[in-house]
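What follows is each chain in one-letter form.
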Amino acid sequence: MLENRDSYMREIERLKTELDKVKHREKYYHLIYESNNDLIFIHNKEGHIIDVNQSVVDRLGYSKEEMLTLSVADLSSDVKPYTLDEAKVHLGNAHYTERYLFEWQSKSKSGDIFWVEVSLKKVELNGQEHIIAIARDINEKKKAEQELFETKNLLEASIAQSSSGILIADAPNVNIRVANNAAFGIRGERSELLTDIDVEKHGERWQTYKPDGTPYPPLELPLSRAVMKGEITTGEDLILKDKSGDVHWINANAAPIYDSKGNITAGIVVFLDVTDKKNIELELRQHKENLEKLVKEKTEDLEAVNEELKTINDDLFEKNEIIKKQNSELKSTLENLKKTQTQLLHADKMASLGILTAGVAHELNNPLNYISGAYLTLNNYFSKNEDISQKDVTISILALKEGLSRATNIIQSLNQFSRDSKIIDEDCAIHEIIDNCLIMIRQHQEDDIAIVKDYWKGDILFKGNVGNLHQVFLNILTNAIQSIKREGEITIKTSLENNNCVISISDSGCGIPKEDMKRITDPFFTTKPPGEGTGLGLSITYNIIQEHHGNISFKSEPNKGTIVTVRLPV
């Protein structure tokens with residue numbers, strides 16, 4: 001009995017040890033199960049989810065409790081062929097194969113769709129058949145595949161549509177696998193004759209030659225050197241003959257293509273038809289040679305001409321000295337003309353002063369008579385009367401004042417006219433200038449000549465030369481008075497128009513003949529009898545107005561009168 005008991009106890013101890021090992025192993029496997037980065041699902045025979053690992057919870061966003069209530073349809077994109085019916089087919093297939101692989105579009109709780117690679121394996125747990133599904137996230141892989149697919153399509157389209165010829169050959173036999181339309185177009189042959197050929201047939205099929213016209217050895221072609229030696233070629237000129245025998249100059253660039261390990265897997269050559277460019281270069285070279293020849297000939301001609309020019313230059317130097325001397329004389333003549341012009345201006349002013357002298361003397365007699373009469377009256381009055389009457393004294397003083405005022409106005413008008421300033425920046429009051437001129441010519445004005453003043457409502461002020469403007473309007477008014485033989489009228493109108501002071505002086509005199517109108521501002525031209533005019537008045541008037549940046553115009557009809565219009569900028 002004791003032996004049986006000891007044997008029983010040892011068995012119990014052994015079983016406990018085995019149980020501990022099983023528990024330890026179970027804990028170890030569960031740790032692996034939970035820490036696996038792949039999504040692990042355990043399905044029962046009916047396809048229901050009975051357990052998932054932590055990665056499923058983290059990626060899909062559901063809790064484990066929620067996962068046990070969901071079907072495969074809830075975890076799929078439900079876009080054909082990723083539907084519940086298709087999932088059932090996959091689960092069914094897993095019962096009949098050791099391992100079943102497929103790709104699937106899965107959906108998280110947030111609605112995020114992502115790609116997974118699913119591995120299904122049938123296992124037996126607790127005596128029952130189950131399916132373990134291991135899903136690996138391949139979303140980034142799928143994106144990379146899509147980008148690679150799009151890049152491949154773009155590259156193929158670019159090669160096909162490129163205007164440059166492109167050939168791609170495999171290593172190590174330089175077997176041409178790809179040739180685009182531009183390459184076929186240059187050669188003018190069918191594609192089957194130009195592709196899938198090894199290096200020994202390149203020279204024959206592609207009819208390639210060196211620039212000197214000798215056949216290009218197949219192993220020395222840029223594409224061959226790229227594939228067999230890893231050599232890069234840049235801008236090499238070759239000759240390619242097309243099917244009809246016409247020569248095409250091509251410029252080739254070639255390079256090897258490497259795999260990730262650095263091994264040459266292929267080579268590519270890109271070439272462009274530069275025949276037109278070469279023809280132009282040939283023409284340019286010929287033109288250059290012709291030009292050099294022409295330049296040489298012209299240089300010889302120029303040397304001969306240069307000798308002639310040297311002789312001519314010596315003659316010109318002598319003539320230049322003569323011209324310099326004449327130029328100096330012309331400058332001296334110009335200075336004399338300027339002096340003469342100034343003298344003429346002064347002469348005209350003096351002539352006008354001569355005309356005015358008699359009138360001024362007469363005008364001064366009147367105020368002097370006032371002063372003289374008042375003096376005699378006061379003298380007699382004071383000598384005979386001891387009792388002085390204030391009324392009588394006042395009358396005499398007023399007479400003295402009137403005489404002095406008139407004399408002062410006449411002298412001031414003469415002073416304004418005789419000013420010899422060159423400045424054209426003085427303050428000019430046009431109405432005051434005209435009134436001064438009317439005072440100075442009053443003696444020459446017949447009693448039957450009426451002066452009508454139609455002045456602008458306000459003062460018109462601008463910058464100019466006061467003395468010269470007096471001379472302008474004195475000349476115009478004097479001509480107007482002299483044109484009226486008996487009775488008549490002179491109208492003076494001033495206005496402002498577009499920043500210009502406009503002075504219009506019209507008379508009812510004899511007018512100017514039409515044939516003389518173009519000459520009236522010419523120096524020394526006059527329509528007056530000899531001795532009555534210098535012919536400088538309107539010429540000087542015109543020049544003064546030009547100096548003031550203004551203009552003067554004339555309108556006249558014989559026996560009807562003349563209108564003189566002066567415009568001066570304000």
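Residues numbered from 1 in each chain as written. Predicted model: local features only at pLDDT ≥ 70, side-chain atom pairs only at ≥ 80, totals over all residues. Heavy atoms only, no water.

1. Some points on unusual backbone geometry
Line of reasoning, step 1. The amide bond that connects K80 to the next residue, P81, takes the cis arrangement and shows omega of 5°.
Line of reasoning, step 2. Here P81 shows up in the loop between α3 (64-67) and α4 (84-94).
Line of reasoning, step 3. For the bond running from A171 to P172, omega is 5°, close enough to zero to count as cis.
Line of reasoning, step 4. As for its position among the elements, P172 is in the loop between β6 (165-170) and β7 (175-179).
Line of reasoning, step 5. Even without being a glycine, N499 presents a positive backbone phi close to 60°.
Line of reasoning, step 6. Residue placement: N499 occurs in the loop between β15 (488-497) and β16 (500-507). (Helix = DSSP H or I, 4+ residues; strand = E, 2+ residues; numbered from the N terminus.)

2. Describing the pairing of strand β2 (residues 49-52)
Line of reasoning, step 1. Sheet topology places strand β1 (residues 39-43) next to β2; three bridges connect them, and they run antiparallel. Of the residues in β2, the one forming a bridge with H43 is I49. (Pairing = 2+ DSSP bridges.)

3. Looking at a negative patch on the surface
Line of reasoning, step 1. A surface patch of negative charge is lined by E297, E300, D301, E303 and E307.
Line of reasoning, step 2. One can find E307 in helix α10 (residues 275-384). (Patch = residues over 30% accessible without salt bridge, like charges linked within 9 Å, V, L, I, M, F, W, Y side chains within 5 Å. Areas by Shrake-Rupley, 256 points an atom, 1.4 Å probe, with all protein chains shown as cover. Salt bridge = Lys/Arg side-chain N within 4 Å of Asp/Glu carboxyl O. Lys, Arg positive; Asp, Glu negative; His and termini not counted. Charge placed at Lys NZ, Arg CZ, Asp CG, Glu CD.)

4. Concerning the sheet that holds strand β18 (residues 561-569)
Line of reasoning, step 1. Strand order in this open sheet of five strands is β13-β15-β16-β18-β17, and the pairing throughout is mixed. Pairing within the sheet leaves two strands with one partner each, and these edge strands are β13 (449-454) and β17 (551-557). Going across the sheet, the axis of each strand differs from the next one's by a mean of 10°, ignoring polarity.
Line of reasoning, step 2. Here β16 runs beside β18; their pairing, made up of eight bridges, is antiparallel. Across the sheet, the residue bridging to D507 is T562, located in β18.
Line of reasoning, step 3. Sheet strands in contact with helix α12 (residues 430-440) are β13, β15 and β16, and its direction is about 165° off that of β15. (Axes fitted to C-alpha atoms, helices over the stretch in contact; angles between N-to-C directions. Contact = heavy atoms within 4.5 Å.)

5. Regarding the packing of helix α13 (residues 466-483) against helix α14 (residues 537-547)
Line of reasoning, step 1. At a closest axis distance of 9 Å, the pairing of α13 and α14 adopts a crossing angle of 140°. Considered as vectors, α13 and α14 are oriented oblique to each other. Here the hand of the crossing between α13 and α14 comes out left-handed. When α13 is examined against α14, the residues N468, Q471, V472, N475, I476 and N479 are found in contact with a partner set consisting of G537, L538, I540, T541, I544, I545 and E547.
Line of reasoning, step 2. In terms of residue class, the contact of α13 with α14 is built from six nonpolar, six polar and one charged. (Parallel < 35°, antiparallel > 145°, perpendicular 65-115°, else oblique. Left-handed = near helix turned anticlockwise from the far one by under 90°. Nonpolar A, V, L, I, M, F, W, Y, C, P; charged D, E, K, R; others polar.)

6. Some points on the pattern of salt bridges
Between side chains of opposite charge, a pair can form as their charged atoms come close.
Line of reasoning, step 1. Taken as a whole and judged by the stated rule, the model has 18 salt bridges.
Line of reasoning, step 2. Of the charged contacts in the structure, one is a salt bridge between E557 and K560, with a shortest N-O distance of 3.6 Å.
Line of reasoning, step 3. Classification of E557 as partly exposed rests on a relative accessible area of 43%.
Line of reasoning, step 4. The class for K560 is exposed, based on a relative accessible area of 61%. (Buried < 20%, exposed > 50% of the residue type's maximum accessible area, 1.4 Å probe, protein only.)

7. Here's the deal with the sheet that holds β6
Line of reasoning, step 1. Here we have six strands laid out as an open sheet, ordered β7-β6-β11-β10-β9-β8, and antiparallel in their pairing. The open sheet has two edge strands, β7 and β8 (208-209), and neither has a second partner.
Line of reasoning, step 2. Where β8 meets strand β9 (residues 233-241), two bridges bridge the pair, whose relative direction is antiparallel. Bridging from a neighbouring strand, Y209 pairs with I239 of β9.
Line of reasoning, step 3. Strands in contact with helix α9 (residues 222-229) are β6, β7, β9, β10 (247-258) and β11 (264-273); relative to β11, the strand with the most contacts, it is inclined by about 160°.

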